[in-house]
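Summary of the model geometry
Residues per chain are reported as follows:
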Amino acid sequence: MKKLTFIYSFVLTFFLLSCNRTTTGEPSNETTVRVLTTNPWKVDKITDLNGNVINTAALPEQSKALFGINIQFSDDKTVRAIDPVARTVINGGTWNFLDNEKILDIDIKDLKGQFPINKLERSRMVLLNNIVYNGLTFQVYLELVPAL
């Protein structure tokens, strides 16, 4: 009898653990917006598509300027570029998600365009960007981290 009870318990445990969970793992709109708007972001590095860090000295001036600002996204779809030292707003604009939250549309002076989202987590955001340097266009990743 003890063996039969053990076998039934084992089978029931196995069945419960193997059940398909209904969560998809993809964040909902509310979660995605919350991740984006919780804290300001700063550009940590710019990499090529293989993940190799591009030397800041080799970047065009417009891309170098991104390292000197914090970017604050707000729930009301506004975005501000903030001087991290003086804590003043340099300029502002708007943001929005496009293509089912796969593209981040940003409209501010220093960072304007539609950026495909490679990764958006609380600790890191990676956006695909086109950089023009000496007349040539290169695709790079902007890797942003929370500016705490």
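Here the residue index of a chain counts from 1 through its sequence in written order. Totals for whole chains, interfaces and linings use every residue, but because this is a predicted model, local features are given only for residues with pLDDT of at least 70 and side-chain atom pairs only at 80 or more, for both listing and counting. No hydrogens and no water enter the side-chain calculation; it runs on all heavy atoms of the structure.

Notes on the packing of aromatic side chains
- Only Phe, Tyr and Trp rings are paired, with Trp represented by its six-membered ring, and only when their centres lie within 6.5 Å; those with planes under 30 degrees apart are stacked, over 60 edge-to-face, the remainder tilted. Scanning the model with the defined rule gives two aromatic pairs in all.
- With 6.0 Å between their ring centres and 90° between their planes, Phe73 and Trp95 make a pair best called edge-to-face. Taken together, the residues Phe73 in strand 2 (residues 70-73) and Trp95 in strand 4 (residues 89-98) connect sequence positions 22 residues apart. The pair formed by Phe73 and Trp95 is uniform in burial state, with each residue classed as buried.
- Here the aromatic rings of Trp95 and Phe97 are separated by 5.2 Å at their centres, their planes lie at 80°, and the arrangement is edge-to-face. Summarising the burial analysis for this pair, Trp95 and Phe97 share the class buried.
- For the cation-ring pair, Lys77 lies above Trp95, with the distance from its terminal atom to the ring centre recorded as 4.3 Å. Where helices and strands are cited, they refer to DSSP runs of H or I of at least four residues and of E of at least two residues respectively, numbered from the N terminus. Only protein chains enter the area calculation, which uses a 1.4 Å probe; residues under 20% of their type maximum are buried, those over 50% are exposed, and those in between are partly exposed. By the criterion adopted, a ring carries a charge over it if an Arg CZ or a Lys NZ lies within 6 Å of its centre and within 35 degrees of its normal.

Observations regarding the side chain of Asn91
- Inspection of the secondary structure puts Asn91 in strand 4.
- Accessibility expressed as a relative area gives 14% for Asn91, which makes it buried.
- Once you skip the residues sitting within four places of it in the chain, Asn91 turns out to touch Val79, Arg80, Ala81, Ile108, Lys109 and Asp110. For this analysis, residues touch if any pair of their heavy atoms sits within 4.5 Å.

Topic: the sheet that holds strand 2
- Strands were regarded as paired on the criterion that DSSP finds at least two bridges between them. Strand order in the closed barrel made by the eight strands is 1-2-3-4-5-6-7-8, with antiparallel pairing throughout. Each strand axis lies, on average, 35° off the axis of its neighbour in the sheet, ignoring direction.
- As paired elements, strand 1 (residues 41-47) and strand 8 (residues 136-146) share six bridges and run antiparallel to each other. Bridge pairing in strand 8 places Thr47 opposite Tyr141. The axes used here are C-alpha line fits, helices contributing only the stretch in contact, and every angle between their N-to-C directions lies in the interval 0 to 180 degrees.

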